[in-house]
Amino acid sequence: MASLARNFEELFGRKPEVISEAPGRVNLIGEHIDYSEGFVLPFAIADRTYAAIASRPDGLVRIASHQRKEKIFSIDIHDVKPGSKGDWEKYVLGVLWSLGITTGVDILVDGSVPAGAGLSSSAALECSVAVGLNELFTLNQSLEELARATQKAENNYVGVPCGIMDQSVSLMAKAGAALLLDCRDLSTESVPFSVADAGLELLIIDTQAHHALVDGGYAERRAACESVAAKLNIPSMRHLSLEVLESNRDKITATEFMRARHAVTEIARVLDAVKALRSSDFEALGKLINESHISLRDDYAVSCPELDVAVAASLEAGAIGSRMVGGGFGGSAIALIKAEDISKVRDAITAAFESHGFKRPRFFTSLPSSGASASRY
Ligand code: GLA
């Protein structure tokens, strides 16, 4: 990242001490269950956010982004606490705060993860800063500790009640593999995910839809799962089976029943998807991906017309599996397709979006990529 270092030097008049990077993510399966202590199976995409960092002796924190024309935001390190000033800079400030940094720093970030597409550009930003600070100040924090710290930054500083999946995969991903993450204890297993060897491609479809509902909708789903857990006297949806859920139907509302059913069935689908991947059974994987979408759409109600149209159009054009990914209410969908079908599927989705009067979708593909890293400059 020679150009980032050069830009840092031009902007701040000195060399960076550390350069770090962290990727965005796509979740293959296991949606809206990280905050229910479930299993998830995401992978890191090639697009990442880079950070160049150097410490300052005077307690000043200066933050700039290449995308924001390198306009410098300044704040004293002692004023870095929840409720501080800052717009996107809060993702960076939150990490300084949650890692307990008391020294000033200059930070320049440069992000290539498409923002607003549901590909976790915010986790990429938090994690690149976190691994950079970990290296700069020799904090010796483990990846699990950094995942918890970056989640805390997002929950308590930025104010988004997200789970632990996005930060964990951005930090812990391995190239060529999906990451089976147990959100209860953050233990992981690498699951080889080599679609190309099977003549397949994973298409990422950014619907370009962003619904105002997002924040409230996410918190509401989370609250519904917590309410079911409280009423059934269990720690989380991880401790629930379909049988127990059925037999306690009268203790919870009809909506809570559907939310819990999604959580229970989705956790089971992740484990089935791991089996399918380990035996290169992509038909079975596709079926699980389809079931995940139906469950997210009907039981969890976090899809939206654009996502449903993207999924339906890809399946009609021959996709093996397709579903919404991430928090929902907009953002991206994925489609597992035969490599030779890629333009057919893209054209079918574009045509369907046009006929519904939706914005033109954007398409990406990405091989499973490696997690965050940092090095001395
Ligand atoms: C967002 C959150 C994650 C996770 C997903 C849904 O990406 O940041 O923690 O809950 O939604 O699976």
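Thresholds applied
- Residues numbered from 1 in each chain as written.
- Predicted model: local features only at pLDDT ≥ 70, side-chain atom pairs only at ≥ 80, totals over all residues.
- Heavy atoms only, no water.
- Helix = DSSP H or I, 4+ residues; strand = E, 2+ residues; numbered from the N terminus.
- Rg over C-alpha atoms; globule rule 2.2 N^0.38 Å.
- Buried < 20%, exposed > 50% of the residue type's maximum accessible area, 1.4 Å probe, protein only.
- Areas by Shrake-Rupley, 256 points an atom, 1.4 Å probe, with all protein chains shown as cover.
- Near = heavy atom within 4 Å.
- Polar contact = N/O pair within 3.5 Å; in protein donor to acceptor, adjacent residues only side chain to side chain.
- Nonpolar A, V, L, I, M, F, W, Y, C, P; charged D, E, K, R; others polar.
- Domains from an automatic or database assignment.
- Contact = heavy atoms within 4.5 Å.
- Buried area = accessible area lost by both parts, 1.4 Å probe.
- Salt bridge = Lys/Arg side-chain N within 4 Å of Asp/Glu carboxyl O.
- Axes fitted to C-alpha atoms, helices over the stretch in contact; angles between N-to-C directions.
- Parallel < 35°, antiparallel > 145°, perpendicular 65-115°, else oblique.
- Left-handed = near helix turned anticlockwise from the far one by under 90°.
- Pairing = 2+ DSSP bridges.
- Lys, Arg positive; Asp, Glu negative; His and termini not counted.

Brief notes about the overall build of the protein
Piece 1. Secondary structure summary: the protein contains 11 helices and 13 strands in total.
Piece 2. A compact globule built from 377 residues would reach a C-alpha radius of gyration of about 21 Å, and the protein, at 21 Å, matches this within 12%.
Piece 3. Dimensions of the protein along its principal axes, counting C-alpha atoms only, are 60 × 50 × 40 Å.
Piece 4. Out of the 377 residues belonging to the protein, those deemed buried represent 57%.
Piece 5. Element-wise, carbon and sulfur atoms account for 50% of the exposed surface of the protein, whose accessible area totals about 14,900 Å².

Digging into the site of the ligand
Piece 1. Surrounding the ligand, one finds Arg25, Glu31, His32, Asp34, Tyr35, Cys162, Gly163, Met165, Asp166, Tyr218, Gly326 and Gly327.
Piece 2. Contacts to the ligand include glutamate 31, whose side-chain N or O atom sits 2.5 Å from an oxygen atom.
Piece 3. One of the side-chain nitrogen or oxygen atoms of aspartate 34 is found 2.5 Å away from an oxygen atom of the ligand.
Piece 4. A total of 300 Å² of accessible area belongs to the ligand in isolation, and the protein chains cover 92% of it.
Piece 5. Looking at the shell around the ligand residue by residue, the classes come out as 4 nonpolar, 4 polar and 4 charged.

Considering the domain arrangement of the protein
Piece 1. Along its sequence, the protein is organised into domain 1 (2-190 + 369-376) and domain 2 (193-365).
Piece 2. The interface of domain 1 with domain 2 comprises 36 residues on the first partner and 42 residues on the second.
Piece 3. Here domain 1 and domain 2 share an interface that buries about 3,000 Å² over both sides, 64% of which is from carbon and sulfur atoms.
Piece 4. Counting across the interface, domain 1 meets domain 2 through 3 salt bridges.
Piece 5. Between aspartate 182 and arginine 238 there is a salt bridge, with its nearest N and O atoms 2.8 Å apart.
Piece 6. Our count for the domain 1 to domain 2 interface comes out at 22 residue pairs in polar contact (both at pLDDT 80 or more).
Piece 7. Contributing elements (two or more residues each) for the side of domain 1 that touches domain 2: strand S1 (18-27), strand S2 (39-40), strand S3 (42-56), strand S7 (177-182) and strand S8 (187-192).
Piece 8. The leading source of residues in the side of domain 1 that touches domain 2 is S7, at 4 residues.
Piece 9. Class assignment of the residues belonging to the side of domain 1 that touches domain 2 gives a composition of 19 nonpolar, 10 polar and 7 charged.

Regarding the packing of helix H3 (residues 121-136) against helix H5 (residues 165-172)
Piece 1. At a minimum axis distance of 9 Å, the contact between H3 and H5 shows a crossing angle of 50 degrees. Here H3 lies oblique to H5, going by the angle between them. Seen from above, H3 lies across H5 with right-handed handedness. Contact with H3, carried on its side by Ala123, Ala124, Glu126, Cys127 and Val131, involves Asp166, Gln167, Ser170 and Leu171 of H5 and no other residues of that element.
Piece 2. Of the residues that constitute the contact of H3 with H5, the class distribution is 5 nonpolar, 2 polar and 2 charged.

Details of the sheet that holds S7
Piece 1. Sheet architecture is open: 3 strands sit in the order S2-S7-S8, paired in antiparallel fashion. Two strands lie at the open edges of the sheet, namely S2 and S8, each paired on one side alone.
Piece 2. Where H5 meets the sheet, its contacts fall on S2, S7 and S8, and the angle it forms with S7 comes to roughly 130 degrees.
Piece 3. Together, S2, S7 and S8 form the strand contacts of helix H8 (residues 254-278), whose direction differs from that of S8 by roughly 40 degrees.

Points about the packing of H8 against helix H9 (residues 282-298)
What describes two packed helices is the angle between their axes and the distance between those same axes.
Piece 1. Across the interface, H8 lies against H9 with an axial gap of 9 Å and an inter-helix angle of 165 degrees. Put simply, H8 runs roughly antiparallel to H9. Crossing handedness for the pair H8 and H9: left-handed. Residues Met258, His262, Thr265, Glu266, Arg269, Asp272, Ala273, Ala276 and Leu277 of H8 touch H9, and the partners they reach there are Phe282, Ala284, Leu285, Leu288, Glu291, Ser292, Ser295, Leu296 and Asp298.
Piece 2. Residue classes in the contact of H8 with H9 are distributed as 9 nonpolar, 4 polar and 5 charged.

Thoughts on the side chain of glutamate 126
Piece 1. Summarising the element assignment, glutamate 126 is placed in helix H3.
Piece 2. Among buried Asp, Glu, Lys and Arg side chains, glutamate 126 stands out as unpaired, with arginine 25 the closest opposite charge at 11 Å.
Piece 3. Ignoring sequence-local partners within four residues, the contact set of glutamate 126 consists of Tyr91, Val95, Thr150, Glu154 and Gln167.

Focus on the pattern of salt bridges
Two side chains of opposite charge can pair, provided their charged atoms sit close to one another.
Piece 1. Counted by the stated rule, this structure contains 22 salt bridges.
Piece 2. For arginine 269, the salt bridge goes to glutamate 266, with nearest N and O atoms at 2.9 Å. Of this pair, arginine 269 and glutamate 266 both sit in helix H8, 3 residues apart, roughly one helical turn.
Piece 3. When its relative accessible area of 8% is taken as the criterion, arginine 269 is described as buried.
Piece 4. Connected via shared salt-bridge partners are Arg14, Arg56, Asp58, Arg62 and Asp106.

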